Structure formats: structure tokens, C-alpha cells
Amino acid sequence: MISRYSIKMNLLTLFFHLNIFTKISLFIKMSRPKIKIVTLGCSKNTVDSEKLIKQLELNGSKVVYDETDDLPCEVVIINTCGFINDAKEESIDTILEFVKKKEEGKIKKIYVIGCLSQRYRSELRDEIPEVDSFFGVNETNKLLRELNLKYDKSALSQRTLTGPGHYAYLKISEGCDRKCSFCAIPGIRGRYQSQPLDYLLKEATALAEMGVKELILVAQDLCYYGYDMGKRNMLPKLVDKLLELNMFEWIRLHYLYPTTDFPWEIIEIIRNNPSLCRYIDIPIQHISDNVLSSMKRSHNRKETEEILCRIRHDIPEAAIRTTLITGFPGETDNDFRELYDFIKEFRFDRLGAFTYSHEEGTTAHKKLNDDVPQKLKEERMSSLMELQQTIALELNESKINKVYNTIIDRKEGEYYVGRTEFDSPEVDQEVLIETDHNLKIGKFYGIKITRSFGFDLFGVPI
Ligand code: SF4
């Protein structure tokens, strides 16, 4: 999978025992290396990096993680993504960029962690020997040991936030037990493993105390929470407990798998609690029974439609988001037409489409031919996104002159950029706010929508 490249510190001698003498402790802290963390991939990786940064800081290390921060650093840790081809390429390009810096003498050590490293550790070792060590997912303790640093188990629920600080992700589980034939995740991150409820409540409380206003629950599949521990219907229980904390303005859920034993109680909780965003992220991947069946999804077209229609019936104002794959092996023109027509008819509020990536180790890779030409995969993806743009524009126009509670994420040029509860950070549309007033980042304001353009809205504070 990884092509050959033309490119090609001694161990950090730091003391651990901070309980010796103050002077020695001070010297130790000053002599810690500066470490740069580069995080690629999804929000789950962000959480892993934030926990790692906390551990490094507890050891007295100076850590930088902002892309723009070019502080000279002795050590670079790259947290990679290895889910699909594009992500793998981005990870490898990033590693090579730092290899070049190492060759130029600008950094001393490179460590690679995360999904790519978990998946292709031995190939990467052979191909990029300039990297000092590779670690997989959940190997923070080994990495710290390599750096001669201490792993503080009592601080496992602590994080240093790398985002704007008013929203944060809460990773409620690791891995996945489902058998989707296109998906490499179970092979990389292993079987589903729920985080204990008490632990999550502790982590959520710590996040709220750090100023987080919007808590975003993430997992490969939120619906499966608790099943690995032999407990059913644990997601509603977890959400109830988080609501009881009464510490967040918004709680958002990413992703609800369209399973036939869908946790309907969650929809009820969303309906009755304004703090739970009316935002349902439900990746259906396709709608044709032929494709769903060879994808080994556990839902057919009829079941998918029933779930979607019931959600829309129960909370008509909710934004429903989905993701789709185009060009799955065996996807015919008819299958694609069926998908296109369904999207046109159902009118998802938010939609992301991706071309199929034939991933080693997956059932699809073992059993099916990657028989849809790349060009056709891309054409199908583009036509879905064009369709969605038309739908989004129409849906957005219906929002004009309405007022929405909006969180301010940042200021960009002359605009404040915010989001309503119907949009998640980094993946959905935004509200561009025109005002002479000073708005505070991370605060909520009533914003009246004045116009829309493409996937974005424009508004003014009321
Ligand atoms: S539900 Fe399917 S697509 Fe999602 S992570 Fe699990 S196996 Fe992959």
C-alpha cells in the first residue's frame, strides 16, 4: 500500500523522580523537550491527542499543537489517520514533511501514532526508517515510556483542548462490532469497547469546568453503547445523566447507526430537552438493497426509510445528516439512480458523499472487485453534492427572517462565524454574522437570518 520514498536524539535523558529537590525539579522542567503534536483525521483522533498532550504537560513538557505555531521543537508526534486512501496519503505526506525537517536538523525526533501506524506499522518502519518509532492507537503509555516520561493513570479523563475551547468531543467508545464490508475501522481500532459511564461523566464535568458549552458525543456507533458490556439501551441513560449535570448549553450526538433496534428513547429525549441539539447524524451509506446487502449493512431500504420517516415525523424541525458512498463494487447505474432519486425525495438537511475506497483487510476487498471506475465514482459523488447544494439552498431560504440561537465560533475578516444547533463544527454550514457590535467567541446570541448563499447563511444579531 505504501509506495517507496526517496527520502530517508538520542534518547531524551530526562529524570522522572520529581520528588527529589526543588532545584532539580526546576532543572528537569526546563530541560524537557519542546514537543509538537500534529493531529490528522477525525474527532476521535483529536480526543486521543488532547489526552496525550495533557499527559505530556503533566510531565512538565512544553507542547505546541497549533498548525501555525512554528516554535522550534525537538520532538514531533504525528497522530495519523489510515481510514481511506486520501487520509493515508495526507498522513504520509505529513510524515515526509517532518522527515525533511529532521534531515535539515530542525527537529531531532519523530514519532508516529494513530490509525495509519496501527494498520501499517511494519511497512512504515521499512519504508520510513527516519521515523524514530511507530505506535498504534491507545499506546500512549508506550510512547511516554519511550520519551522517558511518566504515564499518569489518575489523569486519564483529563485533556488539554486543542480547539477553540467552547466545544469539545466526548469519545464514548472505541472500535466497532458491526461488519460493514467496506470499513477498515474494526481492523484498526478493534472491537467495540464502551467507556464506563462514571468515567464519561467525570470527563464531561472536567470539560464543562474548562468552559466547554457544547459537548459532542462521538463514537463509530453511538447506538451500540453498552452492548459490549451486556447492557441494552445505555445511550439514553448516558445522555440523561449528562443532561442531569446541567453543565452544557448544547449536547450533540454523532453518529446514530440506522439499526433495526434503533434507540427510539433518544429521539424522545431530544424532543423534550432543548439542551440536546435537534440534529440527527445517521449515516445510511446507500439506499439500494443490492448495495446495502453487499455492504453488509444490517438495514435494507424499507427499514432505512421507516427509521428516517419516523425521525422526521417525531421531530420535524430536526436537521437530519447522512453520509453516502458512491461507486461501491457492483453499484450499477440503476442503483445509483435509485440513490439519487431517494436523496431528491427525502431532502436530507446535511449530506456528505465520498467515493468508495477499496481497503485492504476489509470483506469487500477480499470478496469483491473494485469494478466502478474512479472517474465514475467521482462523477456520481459530484452529482449527489450538486443535488444537495440545490436542496440546501432551498432549505436555507426558508430560514430567512427567522431567529436562531447561535454560538460564535470565531471572527474571520469582517464576519463573526457562528452555528445554530442544526450544524456541527467543521462539517456543516455556518452563519456569517454582520455587525458593528463586539460579539464574544463561545457565547450564544439570537441571530436573525437575512440571506443565504450556497451552504451558508448570513445574519445579524437581534
Ligand atoms: S458501523 Fe460500519 S461503517 Fe461504521 S465504523 Fe462500524 S463497521 Fe465501520
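Residues numbered from 1 in each chain as written. Predicted model: local features only at pLDDT ≥ 70, side-chain atom pairs only at ≥ 80, totals over all residues.

Let's shift gears to the overall build of the protein chain. In terms of regular secondary structure, the protein chain is built from 14 helices and 18 strands. Computed over C-alpha atoms, the radius of gyration of the protein chain comes to 23 Å, within 12% of the 23 Å expected from 2.2 N^0.38 for 462 residues, which places it in the range of a compact globule. Among the 462 residues that make up the protein chain, the fraction classed as buried is 41%. (Helix = DSSP H or I, 4+ residues; strand = E, 2+ residues; numbered from the N terminus. Rg over C-alpha atoms; globule rule 2.2 N^0.38 Å. Buried ≥ 20, exposed ≤ 12 C-beta atoms within 10 Å, placed from the backbone.)

Residues in close proximity to the ligand include Cys176, Arg178, Cys180, Cys183, Ile185, Pro186, Gln220, Asp221 and Tyr257, which together make up its full environment. Grouping the amino acids of the shell around the ligand by side-chain chemistry returns six nonpolar, one polar and two charged. (Near = placed C-beta within 6 Å. Nonpolar A, V, L, I, M, F, W, Y, C, P; charged D, E, K, R; others polar.)

Take the sheet that holds strand β4 (residues 109–114) next. One open sheet holds the five strands; their spatial order is β2-β1-β3-β4-β5, and the pairing between them is parallel. Strand pairing shows two members of the sheet lacking a second neighbour, β2 (62–64) and β5 (133–134), which therefore form its edges. As paired strands, β4 and β5 are joined by two bridges and run parallel to one another. Across the sheet, the residue bridging to Val112 is Phe134, located in β5. Strands in contact with helix α3 (residues 85–103) are β1 (34–39), β3 (75–80) and β4; relative to β3, the strand with the most contacts, it is inclined by about 170°. Along the sheet, helix α4 (residues 115–127) makes contact with β3, β4 and β5, crossing β4 at roughly 130°. (Pairing = 2+ DSSP bridges. Contact = placed C-beta atoms within 7 Å. Axes fitted to C-alpha atoms, helices over the stretch in contact; angles between N-to-C directions.)

This next bit is on the sheet that holds strand β15 (residues 415–419). Taken in spatial order, the five strands line up as β14-β15-β16-β18-β17 and close into a barrel, and their pairing is mixed. With direction set aside, neighbouring strand axes in the sheet form an average angle of 50°. Alignment of strand β16 (residues 431–433) against strand β18 (residues 456–461), held across three bridges, turns out to be parallel. Looking at β18, one finds that Val431 is bridged to Leu457.

Here the focus is the packing of helix α8 (residues 234–245) against helix α9 (residues 264–272). Relative to each other, α8 and α9 sit at 25°, their axes nearing to 8 Å. It follows that α8 is roughly parallel to α9 by the angle criterion. Between α8 and α9 lies a crossing of left-handed hand. Between α8 and α9, the residues in contact are Leu235, Pro236, Val239 and Asp240 and Glu265, Ile266 and Ile269, respectively. (Parallel < 35°, antiparallel > 145°, perpendicular 65-115°, else oblique. Left-handed = near helix turned anticlockwise from the far one by under 90°.)

With 24 residues, helix α14 (residues 374–397) should cover 34 Å at 1.5 Å per step; its first-to-last C-alpha distance of 35 Å lies within 8% of that length. Within the sequence span of α14, burial applies to Lys377, Arg380, Leu384, Gln388, Ala392 and Asn396. (Expected span 1.5 Å × (residues − 1).)

With 101 residues, the main nonpolar core has Val112, Leu170, Leu215, Leu217, Leu222 and Ile251 as its most contacted residues. Built from parts of two domains, this core gets at least three residues from each of domain 1 (22–155) and domain 2 (167–397). The next biggest cluster of nonpolar side chains, apart from the first, holds 10 residues, and it includes Tyr416, Leu432, Ile447 and Leu457. (Core = buried A, V, L, I, M, F, W, Y, C linked by C-beta atoms within 7 Å. Domains from an automatic or database assignment.)

What follows concerns the pairing of strand β9 (residues 214–218). Among the five residues of β9, five are classified as buried, and the element is accordingly described as predominantly covered. In β9, alternate side chains face the same way, and those of Glu214, Ile216 and Val218 on one face and Leu215 and Leu217 on the other are all buried. Relative to β9, strand β6 (residues 167–171) is paired through five bridges, and the arrangement is parallel. Note that in β9 the partner of Lys171 across the bridge is Val218. Note that β9 and strand β10 (residues 250–254) share five bridges and pair parallel. Of the residues in β10, the one forming a bridge with Ile216 is Arg252. Chirality of the crossover, the property in question, places the unit of β9, α8 and β10 among those that are right-handed. (Right-handed = clockwise from strand over helix to strand, strands pointing away.)

Quick look at helix α7 (residues 197–209) now. Spanning 13 residues, α7 covers 18 Å between terminal C-alpha atoms, matching the ideal 18 Å at 1.5 Å per step. All of the buried residues along α7 are Leu200, Glu203, Ala204 and Leu207. One side of α7 holds all its buried residues, which, seen down the axis, span an arc of 100°. Across from the buried face of α7, at angles greater than 90 degrees, the exposed residues are Asp198 and Glu209. Of the surrounding secondary structure, the elements contacted by the buried residues of α7 are β6, β9 and α8. (Arc of directions from axis to C-beta.)

What follows is about the domain arrangement of the protein chain. Assigned domains within the protein chain: domain 1 (22–155), domain 2 (167–397) and domain 3 (403–461). If you average the C-alpha positions of domain 1 and of domain 3, the two centres end up 34 Å apart.

What follows covers unusual backbone geometry. Residue Tyr255 follows His254 across a cis peptide bond; omega there is 5°. One can find Tyr255 in the loop between β10 and α9. Located in the positive-phi region is Asn246, a residue other than glycine, with phi close to 55°. Within the secondary structure, Asn246 sits in the loop between α8 and β10. Looking at Asn246, the number of C-beta atoms within 10 Å reads 8, which means it is exposed.

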